[in-house]
Amino acid sequence: MSRLLDFVEIRSAYVNPPRWEDLRVPLTASAGAGVHNPTLAQFRDNGAGSTGVFSWSFSAVLEQELFFIAQLPHYYKQGTDLTPHVHWSPSDGAAGNVVWGLEYTIRNPGISGAFPLTQLITAVQAASGTAFQHQRMALPAISGVGILISAVLICRIYRSMTGNTYGSAAFGHEVDFHYAIDNIGSNNPTSKTDSGGI
């Protein structure tokens, strides 16, 4: 009986209400195509000439881009929206708006037919006025209708020049996707057999 109660308690904790998690894509794990790559540049050092730490520096005058692929985990609540967001920093204290964009296509596994045509989404955020401040900007949600565990996202992240008014480089650190979870895994290796199986 106690094991059954433990099961019910664990399941309820995930379902009522659903919890949230990030699907994380550090941009240092992404790749450029060699044409419009940002520059891997020093982001911060110790103030005394250390090697420092590096992040991707996106130009203020040229659209630059990186590419990555991500897969939805087995604890994703199927059919719910994904909310991408960009973690970034201004390179100086200047004012202005930065526009980040995401081009993507998403497809469930085991379905005949091609990945669909890509979608492009963008959002604007004002630079904080403080160099190297950690900023997080949400992009429009990606519809989760029909999306299942193990769906694959193939993506391009870019700094758009359309609407950009911030005249300095912007550092891009990471792209994350907020998603709902409703369990701690799936009932079998390739699918969920019910909406809340643990």
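Let me sum up the structure you'll find in this document. What you are looking at is a predicted structure, and each value in this text was computed from that prediction instead of being measured. (Residues numbered from 1 in each chain as written. Predicted model: local features only at pLDDT ≥ 70, side-chain atom pairs only at ≥ 80, totals over all residues. Heavy atoms only, no water.)

**A closer look at the overall build of the protein**
Next up, step 1: In terms of regular secondary structure, the protein is built from one helix and 10 strands.
Next up, step 2: Of the regular secondary structure in the protein, the N- to C-terminal order runs α-β-β-β-β-β-β-β-β-β-β.
Next up, step 3: When the accessible surface of the protein is split by element, carbon and sulfur atoms take 56% of a total near 10100 Å². (Helix = DSSP H or I, 4+ residues; strand = E, 2+ residues; numbered from the N terminus. Areas by Shrake-Rupley, 256 points an atom, 1.4 Å probe, with all protein chains shown as cover.)

**Quick word on the nonpolar core**
Next up, step 1: Grouped together as the largest cluster of nonpolar side chains are 36 residues, with contacts concentrated most on Leu102, Leu153 and Phe177.
Next up, step 2: At the level of secondary structure, the elements contributing two or more residues to this core comprise strand E1 (19-26), strand E3 (53-58), strand E4 (64-71), strand E5 (83-90), strand E6 (97-107), strand E7 (119-126), strand E9 (152-160) and strand E10 (170-181).
Next up, step 3: If we skip the residues at most four places from it in the chain, Leu153 touches Leu23, Phe68, Ile69, Ala70, Leu82, Tyr104, Thr105, Ile106, Ile142 and Phe177. (Core = buried A, V, L, I, M, F, W, Y, C linked by side-chain atoms within 4.5 Å. Buried < 20%, exposed > 50% of the residue type's maximum accessible area, 1.4 Å probe, protein only. Contact = heavy atoms within 4.5 Å.)

**Let's talk about the pattern of salt bridges**
Next up, step 1: Using the criterion set out here, one finds five salt bridges in the structure.
Next up, step 2: A salt bridge links Glu21 to Arg24; the shortest N-O distance between them is 3.1 Å.
Next up, step 3: Residues Glu63 and Arg156 are paired through a salt bridge, measuring 3.2 Å at the closest nitrogen-oxygen approach. Here the residue Glu63 occupies a position in the loop between E3 and E4, and Arg156 occupies one in strand E9, the gap between them amounting to 93 residues.
Next up, step 4: It is possible to trace a salt-bridge network through shared partners that takes in Glu63, Glu65, Glu103 and Arg156. (Salt bridge = Lys/Arg side-chain N within 4 Å of Asp/Glu carboxyl O.)

**Some remarks on the pairing of strand E8 (residues 135-138)**
Next up, step 1: Along E8, the buried face is formed by Gln135 and Met137; none of Arg136 and Ala138, which line the opposite face, is buried.
Next up, step 2: Where E5 meets E8, four bridges bridge the pair, whose relative direction is antiparallel. From the neighbouring strand, His85 faces E8, where its bridge partner is Ala138. (Pairing = 2+ DSSP bridges.)

**Here we look at unusual backbone geometry**
Next up, step 1: The backbone phi angle of Phe132 is positive, close to 70°, even though this residue is not glycine.
Next up, step 2: Inspection of the secondary structure puts Phe132 in the loop between E7 and E8.
Next up, step 3: With relative accessibility at 26%, the residue Phe132 sits in the partly exposed group.
Next up, step 4: Even without being a glycine, Ser150 presents a positive backbone phi close to 70°.
Next up, step 5: Residue placement: Ser150 occurs in the loop between E8 and E9.

**So, the packing of aromatic side chains**
Next up, step 1: Tallying each qualifying case throughout the model produces eight aromatic pairs.
Next up, step 2: Measuring from ring centre to ring centre gives 6.3 Å for Phe132 and Phe171, while their planes differ by 45°; the resulting arrangement is tilted. In this pair, Phe132 sits in the loop between E7 and E8 while Phe171 sits in strand E10, placing the two residues 39 residues apart along the sequence.
Next up, step 3: You can call Phe171 buried: its relative accessible area is 5%. (Phe/Tyr/Trp six-rings, centres within 6.5 Å; stacked < 30°, edge-to-face > 60°.)

**A short note on a nonpolar patch on the surface**
Next up, step 1: A cluster of nonpolar side chains, Ile69, Phe115 and Ile154, forms an exposed patch at the surface whose accessible area comes to about 280 Å².
Next up, step 2: Here Ile69 shows up in strand E4.
Next up, step 3: Take Ile69: its relative accessible area is 61%, and that puts it in the exposed class. (Patch = residues over 30% accessible without salt bridge, like charges linked within 9 Å, V, L, I, M, F, W, Y side chains within 5 Å.)

**Comments concerning the environment of Gly101**
Next up, step 1: Structurally, the position occupied by Gly101 is in strand E6.
Next up, step 2: In this structure, Gly101 is in contact with Ile121, Thr122, Arg156, Ile157 and Tyr158, ignoring residues within four places of it in sequence.

**Overview of the side chain of Gln64**
Next up, step 1: Locating Gln64 in the fold gives a position in strand E4.
Next up, step 2: Engagement of the side chain of Gln64 in a polar contact is seen with the backbone nitrogen of Ser59, the distance being 2.8 Å.
Next up, step 3: Residues in contact with Gln64, not counting those within four places in the same chain, are His36, Asn37, Pro38, Ser57, Phe58, Ser59, Ile157, Tyr158 and Arg159. (Polar contact = N/O pair within 3.5 Å; in protein donor to acceptor, adjacent residues only side chain to side chain.)

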